[in-house]
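What follows is the residue order along each chain.
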Number of protein chains: 2
Amino acid sequence: MDNTDRMIIKELQDNGRMKMKELGERVHLTGQAAASSRVQKLEDEGIIESYTIRVNEKKMGYPVHCFLTIITDSLHHQPYFAFLETKQEYVRNNYKISGEGCYLLECRFPSNEELDGFLVQLNKHVSYKLSIVIRE
Amino acid sequence: MDNTDRMIIKELQDNGRMKMKELGERVHLTGQAAASSRVQKLEDEGIIESYTIRVNEKKMGYPVHCFLTIITDSLHHQPYFAFLETKQEYVRNNYKISGEGCYLLECRFPSNEELDGFLVQLNKHVSYKLSIVIRE
DNA sequence: ACGATTTACTTGATTCTTGAAAGGATTGTG
DNA sequence: CACAATCCTTTCAAGAATCAAGTAAATCGT
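What counts, and where the lines are drawn
- Residues numbered from 1 in each chain as written.
- Chains lettered and ligands numbered in written order.
- Predicted model: local features only at pLDDT ≥ 70, side-chain atom pairs only at ≥ 80, totals over all residues.
- Heavy atoms only, no water.
- Pairing = 2+ DSSP bridges.
- Helix = DSSP H or I, 4+ residues; strand = E, 2+ residues; numbered from the N terminus.
- Axes fitted to C-alpha atoms, helices over the stretch in contact; angles between N-to-C directions.
- Contact = heavy atoms within 4.5 Å.
- Least-squares fit on C-alpha atoms with pLDDT ≥ 70 in both.
- Near = heavy atom within 4 Å.
- Polar contact = N/O pair within 3.5 Å; in protein donor to acceptor, adjacent residues only side chain to side chain.
- Nonpolar A, V, L, I, M, F, W, Y, C, P; charged D, E, K, R; others polar.
- Buried < 20%, exposed > 50% of the residue type's maximum accessible area, 1.4 Å probe, protein only.
- Parallel < 35°, antiparallel > 145°, perpendicular 65-115°, else oblique.

Draft legend 1. Summary view of the sheet that holds strand β2 (residues 64-71) of chain A. Strand order in this closed barrel of 8 strands is β2(A)-β4(A)-β3(A)-β5(B)-β2(B)-β4(B)-β3(B)-β5(A), and the pairing throughout is antiparallel. Adjacent strand axes in the sheet meet at a mean angle of 35° when their direction is disregarded. Pairing between strand β3 (residues 91-98) of chain B and strand β4 (residues 103-109) of chain B: 5 bridges, direction antiparallel. Opposite Asn-94 of chain B, over in β4 of chain B, you have Leu-105 of chain B as the bridge partner. Across the sheet, helix α5 (residues 112-122) of chain B is in contact with β2 (64-71), β4 and β5 (127-135) of chain B; its angle to β2 of chain B comes to roughly 15°.

Written out as structure tokens, the structure is:
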């Protein structure tokens, strides 16, 4: 993991579909074979986990973005997890945290109505504090 | 934006470097040209914003992951923003939120020592509540 | 300090992918 | 029904990736 590797990662974060030829040029390697084998190594080591796309969630129909601090007294979190499984469409991340609350749940919704419906059902399993994202 | 487009997006989220030929086969289009032109359209419409990689932040040297609820009485948030600019290495997201606090700040650190150093300086500008991620 | 070994890079040949162009099928419209 | 528009398929040429071989540089043990 030298400086060239770090440059490669930066370039691929900006453009994950970059041609190996161009990537090589940008990090000062001649030909695509050298760049290609470094990328392969980064994949094998698990430093590059996967290739993906950034999607415009607003244009995809999920403009409402929020974080929920989940609070529960119950020792059994399974019903909460089971509930999340049924709402995969909305759930983006569920972080187990220390601090206030047990989980930080990141969600996306088509509208406030759908958010409200979600909250009503969520409240059967846990308590929460809601933070709505105004600007990313 | 029909069902094929949604399938394409799902496939590219899983593998952003997929060959157009394979993508075509997976969504039941013959040849790469049809898949390619649909992807081009999704890019032009801004639904696909960019191609990127998922990086293992732990292996990159940033194992400590936390969220900070930022609280400030001051009307001037500029010093806070200026501070964040100098700490880009650690900052992953800064969401403006409604609810408790003004911002939800997502950060990554090499160690708790660096986190502590960050908090000391942060505290000169704003108050915060800290949540450390135990499991992603 | 020396040669041996490993690692990383370059080069060139072959195979594969992409992009462009042309033609065909389907749908909607007057 | 004819026409236009849209989307898909096919084909082919240009460009990129993969593989193998050769070279240079760094590392290791003595």
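Draft legend 2. Layout of the relation of the copies chain B and chain A. With an axial shift of 0.0 Å and an RMSD of 0.1 Å, the rotation relating chain B to chain A amounts to 180°. Both chain copies can therefore be described as sitting about a two-fold axis.

Draft legend 3. A look at the protein's contact with DNA strand D. Looking at DNA strand D, the residues that line it are Lys-19, Met-20, Lys-21, Gln-32 and Ser-36 of chain A together with Leu-29, Thr-30, Ala-33, Ala-34 and Arg-38 of chain B. One of the side-chain nitrogen or oxygen atoms of Gln-32 of chain A is found 3.0 Å away from a base nitrogen of DNA strand D. One of the side-chain nitrogen or oxygen atoms of Arg-38 of chain B is found 2.7 Å away from a phosphate oxygen of DNA strand D. Sort the elements by how many residues they give to the surface near DNA strand D and helix α3 (residues 32-44) of chain B lands first, with 3 residues. In terms of residue class, the surface near DNA strand D is made up of 4 nonpolar, 3 polar and 3 charged.

Draft legend 4. Structural detail: the environment of Asp-44 of chain A. Residues and elements named next belong to chain A. Mapped onto the secondary structure, Asp-44 falls in helix α3 (residues 32-44). Its relative accessible area of 60% is what places Asp-44 among the exposed residues. Along the sequence, Asp-44 and Pro-63 sit 19 residues apart, while their C-alpha atoms lie 36 Å from each other.

Draft legend 5. Spotlight on the packing of helix α1 (residues 3-14) of chain A against α3 of chain A. All names here are of chain A. Their axes nearest at 11 Å, the elements α1 and α3 cross at an angle of 85°. Compared by their axis directions, α1 and α3 come out roughly perpendicular. On α3, the residues touching Thr-4, Asp-5, Ile-8, Ile-9 and Leu-12 of α1 are Arg-38, Val-39, Lys-41 and Leu-42. Looking at the contact of α1 with α3 residue by residue, the classes come out as 5 nonpolar, 1 polar and 3 charged.

Draft legend 6. Spotlight on the pairing of β3 of chain B. In terms of strand pairing, strand β5 (residues 127-135) of chain A meets β3 of chain B through 3 bridges, oriented antiparallel. Looking at the pairing, Ile-132 of chain A lines up with Ser-98 of chain B of β3 of chain B.

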